[in-house]
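Each chain, written out:
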Amino acid sequence: MKKTISKIAMLTIGYLTVQLNTGYAQTMIYKRDIVSPETLSAAVKLNDPSTYERTEAKFLNEVNTKALRYFKKLYKEINNKKWYTLSNGYLAEFNANSSKNLVVYDKKGNWKFTISYYDEKNLPTEVRAIIKPVYYDYSISRVEEIHVDDKIIYLVHIQNETSLKTLRVCNGEMELMEDFNKQ
């Protein structure tokens, strides 16, 4: 079961990257055990409606009250808030600080993870300082900041004239997750 979930997670993150960067060669390098397969799979499925059922909550009373209270306490200055019901919980989607954000709660209202999507200008300087000395001739096109458990994981998408790469930065360490050659 764990191997199957791991394979699904790796395939879905590859699918997401291909979706974001269509038209490029398919040379990929994967590193295992970067993020738990369950988290990666859930995160990727949130952006692919064909593989994950979510329906917009018509009324707030359809959402667990514990999740609503926790959400309102943490996120006060937000725009375009929408709630969705998932098969195994709830999803809040909103814009704040020029980034798109997704917060996922389980059926009991417990927080599971948060993902923020933004560009290079919002990337913390300490994360940028890890990436730029190694990939100085690459531009940062997109960042996914994932908060799960007590970790903050950055998936940083970079590119130059010949390739696209996805880097994982966590606890001051950087790993290459994917490498695509442009053709």
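The following paragraphs examine the structure supplied in this document. (Residues numbered from 1 in each chain as written. Predicted model: local features only at pLDDT ≥ 70, side-chain atom pairs only at ≥ 80, totals over all residues. Heavy atoms only, no water.)

For the rest of this paragraph, the subject is the environment of D179. Locating D179 in the fold gives a position in strand β9 (residues 173-181). Residue class for D179 comes out buried when judged on its relative accessible area of 14%. In this structure, the C-alpha to C-alpha distance between D179 and K165, residues 14 residues apart in sequence, is 4.5 Å. At 2.9 Å, the side chain of D179 and the side chain of K165 are in polar contact. (Helix = DSSP H or I, 4+ residues; strand = E, 2+ residues; numbered from the N terminus. Buried < 20%, exposed > 50% of the residue type's maximum accessible area, 1.4 Å probe, protein only. Polar contact = N/O pair within 3.5 Å; in protein donor to acceptor, adjacent residues only side chain to side chain.)

Take the packing of aromatic side chains next. Enumeration according to the criterion identifies seven aromatic pairs in this entry. Three or more aromatic residues link up through ring pairs in this structure, and these residues are Y70, F71, Y75, W83, F94 and Y105. Above the ring of Y90, the side-chain terminus of K107 is found at 5.6 Å from the ring centroid. (Phe/Tyr/Trp six-rings, centres within 6.5 Å; stacked < 30°, edge-to-face > 60°. Lys NZ or Arg CZ within 6 Å of the ring centre and 35° of its normal.)

A word on the pairing of strand β4 (residues 99-106). The element β4 is largely enclosed, with a buried count of seven among its eight residues. Looking at chain direction, strand β3 (residues 89-96) and β4 are connected through eight bridges and run antiparallel. The partner of F94 across the bridge, within β4, is N101. Sheet topology places β4 next to strand β5 (residues 111-118); six bridges connect them, and they run antiparallel. (Pairing = 2+ DSSP bridges.)

Let us now look at the pattern of salt bridges. Throughout the structure, instances matching the rule amount to five salt bridges. A salt bridge links E93 to K100; the shortest N-O distance between them is 3.6 Å. Across the pair E144 and R142 runs a salt bridge, and its minimum N-O distance is 3.3 Å. The exposure class assigned to R142 is partly exposed, which follows from its relative accessible area of 23%. (Salt bridge = Lys/Arg side-chain N within 4 Å of Asp/Glu carboxyl O.)

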